[in-house]
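Overview (structure and organization)
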Amino acid sequence: QVQLVESGGGLVQAGSSLRLSCAASRRIFSSYAMGWFRQAPGKEREFVAAISWSGGSTYYADSMKGRSTISRDNAKNTVYLQMDSLKPEDTAVYWCAAGFQFHDSDYVRERRYGYWGQGTQVTVSS
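Just so it is clear, the model here is predicted, and its values are computed rather than measured.

Rules used throughout
Residues numbered from 1 in each chain as written. Predicted model: local features only at pLDDT ≥ 70, side-chain atom pairs only at ≥ 80, totals over all residues. Heavy atoms only, no water. Pairing = 2+ DSSP bridges. Helix = DSSP H or I, 4+ residues; strand = E, 2+ residues; numbered from the N terminus. Axes fitted to C-alpha atoms, helices over the stretch in contact; angles between N-to-C directions. Buried < 20%, exposed > 50% of the residue type's maximum accessible area, 1.4 Å probe, protein only. Polar contact = N/O pair within 3.5 Å; in protein donor to acceptor, adjacent residues only side chain to side chain. Contact = heavy atoms within 4.5 Å. Core = buried A, V, L, I, M, F, W, Y, C linked by side-chain atoms within 4.5 Å. Phe/Tyr/Trp six-rings, centres within 6.5 Å; stacked < 30°, edge-to-face > 60°. Lys NZ or Arg CZ within 6 Å of the ring centre and 35° of its normal.

**Quick notes on the sheet that holds strand E3 (residues 18–24)**
Strands in a sheet are paired, the pairing made by backbone hydrogen bonds, and the direction either parallel or antiparallel. With antiparallel pairing, the four strands of this open sheet are ordered in space as E1-E3-E8-E7. Here the strands that pair on one side only, and so sit at the sheet edges, are strand E1 (4–7) and strand E7 (68–73). When the angles between neighbouring strand axes are averaged without regard to direction, this sheet yields 15 degrees. Where E3 and strand E8 (residues 78–83) come together, six bridges link them in antiparallel fashion. Its bridge partner being in E8, Arg 19 is matched across the sheet by Gln 82.

**With respect to the side chain of Thr 91**
Mapped onto the fold, Thr 91 is located in the loop between E8 and strand E9 (92–100). In this structure Thr 91 comes out as buried when scored by relative accessible area, which is 18%. Of note is the side chain of Thr 91, whose polar atom sits 2.9 Å from the backbone oxygen of Pro 88. A polar atom in the side chain of Thr 91 sits 2.9 Å from the backbone nitrogen of Val 124. Thr 91 has contacts with Ala 40, Pro 41, Gln 121, Val 122, Thr 123 and Val 124, leaving out every residue within four places of it along the chain.

**Brief notes about the nonpolar core**
Of all hydrophobic cores here, the largest spans 27 residues; its most connected members are Leu 4, Met 34, Trp 36, Val 79, Leu 81, Met 83 and Tyr 94. For this core, the elements supplying multiple residues, two or more each, are E3, strand E4 (32–39), strand E5 (46–51), E8, E9 and strand E11 (120–125). Excluding residues that lie within four positions of it along the chain, Leu 4 makes contacts with Cys 22, Ala 23, Ala 24, Met 34, Cys 96, Ala 97, Ala 98, Tyr 115, Trp 116, Gly 117 and Gln 118. Ala 33, Phe 37, Ala 50 and Tyr 59 belong to the second largest nonpolar core, which has ten residues in total.

**Some remarks on the packing of aromatic side chains**
Evaluation of the coordinates by the stated rule reveals nine aromatic pairs. Judged by centre distance (5.1 Å) and plane angle (55 degrees), the ring pair of Phe 37 and Trp 116 falls under tilted. Here Phe 37 is found in strand E4, whereas its partner Trp 116 is found in strand E10 (residues 115–116), with 79 residues between them in sequence. Ring centres 5.1 Å apart and planes at 75 degrees place the aromatic pair Phe 102 and Tyr 107 in the edge-to-face group. Clustering of aromatic rings is evident, with ring pairs tying together Phe 37, Phe 47, Tyr 59, Phe 102, Tyr 107, Tyr 113 and Trp 116. Positioned over the ring face of Trp 116 is Arg 45, at 4.0 Å from the centre of the ring.

**Some points on the side chain of Thr 120**
Among the structural elements, Thr 120 can be located in strand E11. Looking at Thr 120, its side chain comes within polar contact range of the main-chain nitrogen of Gly 9, at 3.3 Å. Setting aside residues no more than four positions away along its own chain, Thr 120 makes contact with Glu 6, Gly 9, Leu 20, Ala 92, Val 93 and Tyr 94.

See below:
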């Protein structure tokens, strides 16, 4: 069983930065692809960013390209999402998720992720 715990959310002003962290409970974290998803009020959950198990490949939603960076530290069993130039429309609950044996097309697919954290709220005020 893989347990994921997000942290780093909060209330910030537009234009600010936040770094979300997701700590995993097991050593096999290094074998898992990791992703970040978010859900804004009244909207469906959507893909934000993902990273391969090795960290060699990263994937971003169009809305986050150029404003965010996903990274991982396998020694610390932690994945990070650095978000810059935050906008009010970035307000959402953010989840990290883990999945195994991904093809390139799998990273943006919510259903391919088998493990999820509890979510962390990010609120961006205008």
